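Here are the chains, one letter per residue:
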Amino acid sequence: MDTNGRLVAGSHNRNEFVVINADEIGKVTSVKELSGQRCQICGDEIEFTVNGDPFVACNECAFPVCRACYEYERREGNQACPQCKTRYKRIKGSPRVDGDEDEDEFDDLDHEFDYDGNDNYPDPAVASSRFNISRTASGITIPVEKDPSVVNSDIPLLTYGEEDHTIAADKHALIIPPGGKRVYGVPFNDSSMNLPPRPMDPKKDLAVYGYGSVAWKERMEEWKRKQQEKLQGFKHQGLNVDADGFDDPDLPKTDEGRQPLSRKIPIPSSKINPYRMIILLRLAILGLFFHYRILHPVHDAYGLWLTSIICEIWFAVSWIFDQFPKWFPIERETYLDRLSLRYEKEGKPSELAAIDIFVSTVDPMKEPPLITANTVLSILAVDYPVDKVACFVSDDGAAMLTFEALSETSEFARKWVPFCKKYSIEPRAPEWYFAQKVDYLKNKVEPRFVKERRAMKREYDEFKVRINALVSVAQKVPEDGWTMQDGTPWPGNNVRDHPGMIQVFLGQNGIQDIEGNELPRLIYVSREKRPGHEHHKKAGAMNALIRVSAVITNAPYLLNVDCDHYINNSKALRESMCFMMDPQSGKKVSYVQFPQRFDGIDRHDRYSNRNVVFFDINMKGLDGIQGPIYVGTGCVFRRQALYGYDAPKKVKPPGKTCNCWPKWCCCCCGSRKKNKKGKSKESKKKTKSRESSPQIHALENIEEGVEGNGNEKSSLMPQVKLEKKFGQSPVFVASTLLDQGGIPQEATSASLLKEAIHVISCGYEDKTDWGKEIGWIYGSVTEDILTGFKMHCHGWRSVYCMPKRPAFKGSAPINLSDRLHQVLRWALGSVEIFLSRHCPIWYGYGCGLKRLERFSYINSVVYPLTSLPLIVYCTLPAICLLTGKFIVPEISNYASLVFMALFLSIAVTSILEMQWGGVGIDDWWRNEQFWVIGGVSAHFFALIQGLLKVLAGVNTNFTVTSKAADDGEFSELYLFKWTSLLIPPLTLMILNIIGVAVGVSDAINNGYESWGPLFGKLFFAIWVILHLYPFLKGFMGRQDRIPTILIVWSILLASIFSLLWVRVNPFLSRGDGVVLEICGLNCE
C-alpha cells in the first residue's frame, strides 16, 4: 500500500479522510490523488481516453476492464461483460467483429478491420482463466461457470472417472495419437491441431490403446528408475539436483525435506511412572486423612475444627484440578533444516507463510518508547524473509511521542537490520545486545566486525539520545496541543476523541537499508476513539489490528507481543512455522505459545517473577492434552482460528456393511432401518456442522445465490450474514474467506486506505460478533484466557514450543507492590470469567474441549476463591496459640502415620515434578511462598473487586504511591510503594509472631508437660511465617542495609524475653509474700 510516506487519518462515521504530509512542504490533500482503477481481469491500470476520461468497456455496469482485455473478449471470448453479461458494444478505435452489423453509431474506417493493430492482447490461456470470474455487489470475487454453448462441441466431455449414460460412448475421453497435439478445454479452436482426436470406447480393453502392453510396462519401469535416481541424488547432493526432479510431487516422502517438521518427546517412563503412582497414592492417603479428620472432631474447639475441615477439603479439590492436567506431560523438538528444505528451495522465492506481528502500547510515559523501539527493531531484524514480515504497532493512546519514536526507529533500522543479519548476532534488540556481559568476539571471524560493532554502538547511543530528547520534550504538553513538522495539528491531541490514524514507515516507496536490501513493513496504527463508545482496552485494540492487517497484508498467521517483550531468538518465527506449516499435524493447530522469560530479575527471584513452575511444569502437562492456555504475549496464531471457525475434522473411513447375508435376514433388515436412522442423524449433523462452520460454506452460498434464479435478495443473503458477523467491510469480509491469506491484486491504494480507516472506526464492531465469537474475546481484563478457551472449545489444539534459546524476553515488575498489582489484575480477570457465561464449569460442553483441558481452565478461574480458606487457615495457628486450643485432637499412632504419610507424599510429588520439569528447588520454594503471599493479598482483593464489579457494577481501584528508592543494580527491588494490598499479609505476619511469643511464654509458665502440645501449634505458625518471609523482606526494604533476618529475630526474641521478664522478675525476693498452707478442716 503506497501512501508516499504520509500519515493517513480519518473517520468512516464522519466521512472524513485526509492524507497529511509530514515533510517540509506541508499540505492536506484529499485521497483523490491516490485513486485509480485497475482492470479486474489482468490487474493493469485502466488507461485514459483522449478526452481524459477513464476507459469504460461496459456502459451498463461500468465493470472495470482495460482496453486490451475488452478487445480480446470481443475477438476470442463471449463478447459480453463478465459482471452483467451484457454484450459489449463496439467502441471507437476497436476493430469490428461478428455481430457489430447493426451498430452504426459512428464511422471508424481506420480501425474497421485492425485485428493486428494492438499487440497488447493477453495470453489466451491466461485470459480465458481470468475471465471466469465475477463479483458480487459487495466486491467479492467468485468463480462463474463457463457458458456451455461456447465450448467446442467436437471436444469429448470428461466425466471424472464415472460413466454418464447421458453422454455418448465416443464422448467420454480422448486418446491423442503419438505426435499429436494436446486438446485443451478452452472456448476457442486450436487451428494448429493437425491430427483429429481418436475416441476411446470404454467397453474395449485398454491394451487396444497401448495401456498394459509390453512397451507401456517398459515405460513405467523406466519412469520408476528415474524417480529412484532423483531421490538418491537428492540424498547425497542436497539441493544440487535437477530442479524438475526436486519439484516432482511423485518423489517418495523419505527424504529429509519431506519428513515431519517436529516431533513429540514423551517424558521418560523412569520419571513419569513413579510420579503417577505417587499421585494415586496421595489420593488414597487423602481419603484416609479426611476419614480420620471427620470422624475425630475436637469437642472443646468445635468451631476451629469445622473451619479447618472446610478449608482442607477446598485445598484438596483445588489440588485435584491443578494436578491431573499434568498427567501427560510432553516436550517437543523442531527441525528447522527440514523447514528450509521444504519451503525454501534454492533459486526460487521462499514459500514460507507470511506473518503479521502485533505490538501493543498505550501510554509512552509508563511504557518507555526506547523499550518499544527495541522490540520493533528485534522484529524487523528477525531471521525470516523480509517480504513475509509486517510489524503493526498499535498506539492506543494516540501519543505523538510514540509516533515520533517510531519514525526515528524506522530510520535507525536501516543501519541496524543489515548489521544483525550480516554477523548473525543474538539478541537483535540493541539495548540488550550491547548490555550483554559476554565475550562478543566468540565465534566471530570477520576482521571488520569489531570496527563495525563500535560504529553501531555509537549509532545506537546517538539514537538513544534522540529518543530521550523526544521524551524530555513530551513531558510538557503545549496549550494548543502538538503540531507536526508541517504545522498540521496532531490528530490525536484529544486522547478520548480522535480519528483513526495509519502511517506506513517501512516497506513502501522503495525504502531500503544502507546496503540496498528490502526491509519488512512497519505500520503505525491508532484506532478511532469517540466519547460514548466502548473500546474494550487491549482486546479492542488487538481486534482492530486483526482487521487493519487483513486489509493491508492479510497474512495467514499472526504474532502478538507486548511492547516490552522483544524477540530474543531470531529464529522464533521459524520455530512456530514448524508446527503451523507441518502438512501432517499443522492444520488443527490454532496457536503456538512460547514461555515467558524475563530480564532484570535478581538472582534469588524474591517474588517469583519468572514463574518457572507454571511455564516449565503446568504448560508441559497441558501440551500433552489439548495444548497450553494462551498467556497474552509471545503467541503465534492462525488467523482463521481467531475468526471463530471450527477446527477441521478428520474424515473417518466408511464403516463396514453386511453384504454376506441374504436380504431377508432380520439382521440386515434391522441394519437397514438403523442405516435410515443413521442417515437422518447424519444429515442433521451435517446441517449443524454447516451452521457452525460458515467458513467452509460461505463462498458456496454466495455462488449459489449469484448463479441461482437471479433474485437479488437471495443473492445478497449470505453476504448479509457475513457482514453481520464480521462487519460491513466488503474487503475485510472477502479476506476472511482466504485460508492462505493475501490481498486481491486489483485492489488500489485508495480503496485499501479507505477500508483500513473504516475497519478501525469506533462503531465498526456494533451489532457484530467481534469480541463475542471473533478475535480477542471481551468481558474480562484477562482476555487471553477467554480467547484461548474459545479456540479450544471450537476443537482447535495449541502447541507449547520451548526452544533452547528463549524465543522472547520481557521486563517483569521487580518490587513487591507492582508485582502484587500484576497478580491482582490476573486474579480479577479470572473472577470476571467465573461470574460470566463463559465460565468453563458450565460453558462449552458437547464441543471439542477435552476433560482434562477443562480441568485446567476451571483451575485457572477458581483459584482466586482459594484466598478465603487460605486467609482463614493462616489465621488458625495464631488463634490456637493465643487460646491454647488446637484443631486436631490428641492423635494416636495411626493418626501419626497418616499425617506423616501425607506430608511425605506431598514432598515426593514435588520432588518428582521438579525432576521431570527441570525446575530447581529454589524456584519451586519461591513459587510456594508467593502463592501464599498473593493468595492472602491480591487474590482476596480481586475477589472483592470482582464481586462488586459484576454484581453491583462498582469499579474500585487500588492506588500505588511511591515512597522511596535506592540506587544500585536492582534498586527497584528495594523500592517501597504503599498499597492496601499489603494489609492482609502484614496482619497475618504480626498475628503469628505474637502467637508464637505467647505460646512459648505459656509453655514456660506451665512447665514441661505443656511443651508437647505446643510443638504442633508452633510448626503450624512457623509454616505461615516462612511462607510470608519474602513479603516481610520486601515490606521492610533495606533498612540501611541491616539484614532483615536480624530484625525478624530481634522482634521475636524481644517479645519472648519481655513476657519472661514479667514471669520471672529478679528484683522481687522469694521470701516476701503470703505463705499458703493446707487447710486442716474437713468442710464436708
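J.: Could you clarify how one ought to interpret the overall build of the protein in this entry?
T.: Across its full length, the protein holds 31 helices and 22 strands. Within the protein, the proportion of its 1084 residues that are buried is 48%. Long-range pairs, those at least 24 residues apart, make up 74% of the contacts in the protein between residues at least 6 apart in sequence. Per element, the accessible surface of the protein, about 56,600 Å² overall, is 56% carbon and sulfur.

J.: I would appreciate a short explanation of the environment of Arg606 in the present structure.
T.: Position of Arg606 relative to the elements: it lies in the loop between strand S17 (597-599) and helix H14 (612-623). Along the primary structure Arg606 and Asn927 are separated by 321 residues, whereas in three dimensions their C-alpha atoms are 9.4 Å apart.

J.: Mind showing me how you'd approach a positive patch on the surface here?
T.: There is a patch of like positive charges on the surface, built from Lys264, Lys588, Lys649, Lys650 and Lys850. Following the sequence through the fold, Lys850 ends up in the loop between helix H22 (816-834) and helix H23 (851-862). Exposure remark for Lys850: the relative accessible area of 44% places this residue in the partly exposed category.

J.: Would you take a moment to explain the confidence of the model for the protein for this structure?
T.: Low pLDDT means the predicted atomic positions in that stretch should not be read closely. Confidence in the prediction of the protein, expressed as mean pLDDT, is 75, and 68% of residues score 70 or more. Segment residues 169-198 is flagged for pLDDT under 50; beyond a separation of four residues in sequence, or across chains, it makes 51 contacts in the model.

J.: Can you walk me through the packing of helix H8 (residues 369-380) against helix H11 (residues 449-473) in this structure?
T.: Geometry of a packed helix pair, given as the angle between the helix axes and the separation of the axes. Across the interface, H8 lies against H11 with an axial gap of 10 Å and an inter-helix angle of 135°. In terms of orientation, H8 and H11 fall into the oblique class. Crossing handedness for the pair H8 and H11: right-handed. Residue-level inspection shows Pro369, Leu370, Ala373, Asn374 and Leu377 of H8 in contact with H11, the latter providing Tyr460, Phe463, Lys464, Ile467 and Val471. Grouping the constituent residues of the contact of H8 with H11 by class yields eight nonpolar, one polar and one charged.

J.: Is there a simple way to explain the packing of helix H26 (residues 921-936) against helix H27 (residues 938-952) in this structure?
T.: It is at 3 Å that the axes of H26 and H27 come closest, and there the two elements cross at 35°. Between H26, through Gly934, Gly935 and Val936, and H27, the contact on the second element is made entirely by Ala938, His939 and Phe940. Of the residues belonging to the contact of H26 with H27, the class tally is three nonpolar, three polar and no charged.

J.: Sorry, what's going on with the pattern of salt bridges here?
T.: Any two side chains of opposite charge can pair, so long as their charged atoms come close to each other. For the structure on display, the rule yields 31 salt bridges. In this structure, Glu344 and Arg574 form a salt bridge, with 2.9 Å as the shortest nitrogen-oxygen distance. A residue pair is termed long-range when its members are at least 10 positions apart, and Glu344 in the loop between helix H7 (336-343) and strand S10 (355-361) and Arg574 in helix H13 (residues 572-580) qualify at 230 residues. The partner of Asp623 in a salt bridge is Arg797, with the nearest N and O atoms 3.5 Å apart. Taken together, the residues Asp623 in helix H14 and Arg797 in strand S19 (residues 797-800) connect sequence positions 174 residues apart. Exposure class is identical for Asp623 and Arg797. Each is buried. Salt bridges linked by common partners bring Glu344, Asp383, Lys571 and Arg574 together as one network.

J.: Help me understand the nonpolar core in this model?
T.: Within soluble globular proteins, side chains that are nonpolar tend to cluster in buried spots. Trp416 and Met577 are the most contacted members of the largest nonpolar core, which totals 70 residues. Excluding anything up to four places from it in sequence, Met577 contacts Leu261, Leu339, Ala353, Ile355, Tyr384, Tyr557, Asp582 and Val636. Formed by 65 residues, the second largest nonpolar core is a distinct cluster that contains Phe732, Ile757, Trp776 and Met791.

J.: Just to check I follow, could you spell out the environment of Cys391 for this structure?
T.: Counting through the fold element by element, Cys391 comes out in strand S11 (residues 389-395). With a relative accessible area of 0%, Cys391 lands in the buried category.

J.: Hey, could you run me through the pairing of strand S18 (residues 635-638) in this one?
T.: Side-chain positions along a regular strand alternate between the two faces of the sheet. Both faces of S18 are covered, namely the face carrying Cys635 and Phe637 and the face carrying Val636 and Arg638. Both strand S14 (residues 557-562) and S18 contribute to a ladder of four bridges, which runs antiparallel. If you follow Asn560 over to S18, its bridge partner there is Cys635. The pairing of strand S16 (residues 589-593) with S18 spans three bridges and is classified as antiparallel. Along S18, the bridge assignment pairs Tyr591 with Phe637.

J.: Is there a simple way to think about the sheet that holds strand S20 (residues 808-811) in this case?
T.: Picture the strands of a sheet paired through backbone hydrogen bonds; they go either parallel or antiparallel. Sheet architecture is open: three strands sit in the order S15-S20-S17, paired in mixed fashion. Looking at strand neighbours, the two that pair on one side only are strand S15 (566-567) and S17, the edges of this open sheet.

J.: Help me understand unusual backbone geometry, please; the structure alone is not making it clear to me.
T.: Trans peptide bonds make up the majority, and among non-glycine residues the majority have a negative phi. A cis amide bond, omega -10°, links Glu426 with the succeeding residue Pro427. Relative to the elements of secondary structure, Pro427 occurs in the loop between helix H9 (400-423) and helix H10 (430-434). A positive phi angle is found at Ala398, which is not glycine, with a value near 50°. Inspection of the secondary structure assignment puts Ala398 in the loop between S11 and H9.

J.: What am I meant to see in the side chain of Asn560 here?
T.: Along the chain, Asn560 turns up in strand S14. On the accessibility criterion, Asn560 (2% relative accessible area) is buried. A polar contact is formed between the side chain of Asn560 and the backbone oxygen of Gly632, at a distance of 2.9 Å.

J.: What should I look at first to understand the side chain of Asp646 in this one?
T.: Inspection of the secondary structure puts Asp646 in the loop between helix H15 (639-642) and helix H16 (666-692). In this structure the side chain of Asp646 is engaged in a polar contact, spanning 2.6 Å, whose partner is the side chain of His794.

J.: Please explain helix H6 (residues 302-323) as it appears in this structure.
T.: Note on helix geometry: an α-helix contains 3.6 residues per turn, so any two residues three or four positions apart are oriented the same way. With 22 residues, H6 should reach 32 Å at 1.5 Å per residue; the first-to-last C-alpha distance of 31 Å fits that figure. Among all positions in H6, only Leu304, Trp305, Ser308, Ile309, Cys311, Glu312, Ala316, Ser318, Trp319 and Gln323 are buried. Its buried side turned inward, H6 meets helix H5 (269-295), H23, helix H24 (867-883) and helix H25 (893-917).

J.: I keep staring at the packing of aromatic side chains and nothing clicks. Help me out?
T.: The way to describe two aromatic rings as a pair is by their centre distance and the angle between their planes. Tallied over the entire structure, the rule returns 47 aromatic pairs. When the centroid spacing of 5.6 Å and the interplanar angle of 65° are considered together, the rings of Phe55 and Tyr70 count as edge-to-face. With Phe55 in the loop between strand S3 (28-29) and helix H1 (67-76) and Tyr70 in helix H1, this pair connects stretches of sequence that are 15 residues apart. Aromatic side chains Tyr460 and Phe463 sit 6.0 Å apart centroid to centroid with 35° between the ring planes, which places their arrangement in the tilted category. Note that Tyr460 and Phe463 are positioned in helix H11 at a spacing of three residues, about one turn of the helix. Exposure remark for Phe463: the relative accessible area of 0% places this residue in the buried category. A cation over an aromatic ring shows up here: Arg338 above the ring of Tyr335, its NZ or CZ 4.1 Å from the ring centre. In this structure, Lys457 is placed above the aromatic ring of Phe434, and the distance from its NZ or CZ to the ring centre is 5.7 Å.

J.: Sorry if this is basic, but what is going on with a nonpolar patch on the surface here?
T.: On the surface, Leu835, Leu947, Val950 and Leu951 cluster together into a nonpolar patch covering about 330 Å² of accessible area. Relative to the helices and strands, Leu835 is located in the loop between H22 and H23. Take Leu835: its relative accessible area is 30%, and that puts it in the partly exposed class.

J.: It is not clear to me how the state of the cysteines should be interpreted in this structure. Could you clarify?
T.: Evaluation of the coordinates by the stated rule reveals zero disulfides. Cys801 provides the cysteine sulfur closest to Cys578, a residue in no disulfide bond, and the two sulfurs are 7.9 Å apart. With relative accessibility at 0%, the residue Cys578 sits in the buried group.

J.: What exactly am I supposed to notice about H5 here?
T.: The terminal C-alpha atoms of H5, which comprises 27 residues, lie 39 Å apart, in line with the 39 Å expected from a rise of 1.5 Å per residue. Along H5, the residues classified as buried are Ile272, Tyr275, Ile278, Ile279, Arg282, Ile285, Leu286, Phe289, Phe290, Tyr292 and Arg293. Elements that come into contact with the buried residues of H5 comprise H6 and H25.

The rules behind the values
- Residues numbered from 1 in each chain as written.
- Predicted model: local features only at pLDDT ≥ 70, side-chain atom pairs only at ≥ 80, totals over all residues.
- Heavy atoms only, no water.
- Helix = DSSP H or I, 4+ residues; strand = E, 2+ residues; numbered from the N terminus.
- Buried < 20%, exposed > 50% of the residue type's maximum accessible area, 1.4 Å probe, protein only.
- Contact = heavy atoms within 4.5 Å.
- Areas by Shrake-Rupley, 256 points an atom, 1.4 Å probe, with all protein chains shown as cover.
- Patch = residues over 30% accessible without salt bridge, like charges linked within 9 Å, V, L, I, M, F, W, Y side chains within 5 Å.
- Salt bridge = Lys/Arg side-chain N within 4 Å of Asp/Glu carboxyl O.
- Lys, Arg positive; Asp, Glu negative; His and termini not counted.
- Charge placed at Lys NZ, Arg CZ, Asp CG, Glu CD.
- pLDDT = per-residue confidence, 0-100.
- Axes fitted to C-alpha atoms, helices over the stretch in contact; angles between N-to-C directions.
- Parallel < 35°, antiparallel > 145°, perpendicular 65-115°, else oblique.
- Left-handed = near helix turned anticlockwise from the far one by under 90°.
- Nonpolar A, V, L, I, M, F, W, Y, C, P; charged D, E, K, R; others polar.
- Core = buried A, V, L, I, M, F, W, Y, C linked by side-chain atoms within 4.5 Å.
- Pairing = 2+ DSSP bridges.
- Polar contact = N/O pair within 3.5 Å; in protein donor to acceptor, adjacent residues only side chain to side chain.
- Expected span 1.5 Å × (residues − 1).
- Phe/Tyr/Trp six-rings, centres within 6.5 Å; stacked < 30°, edge-to-face > 60°.
- Lys NZ or Arg CZ within 6 Å of the ring centre and 35° of its normal.
- Disulfide = S-S within 2.5 Å.

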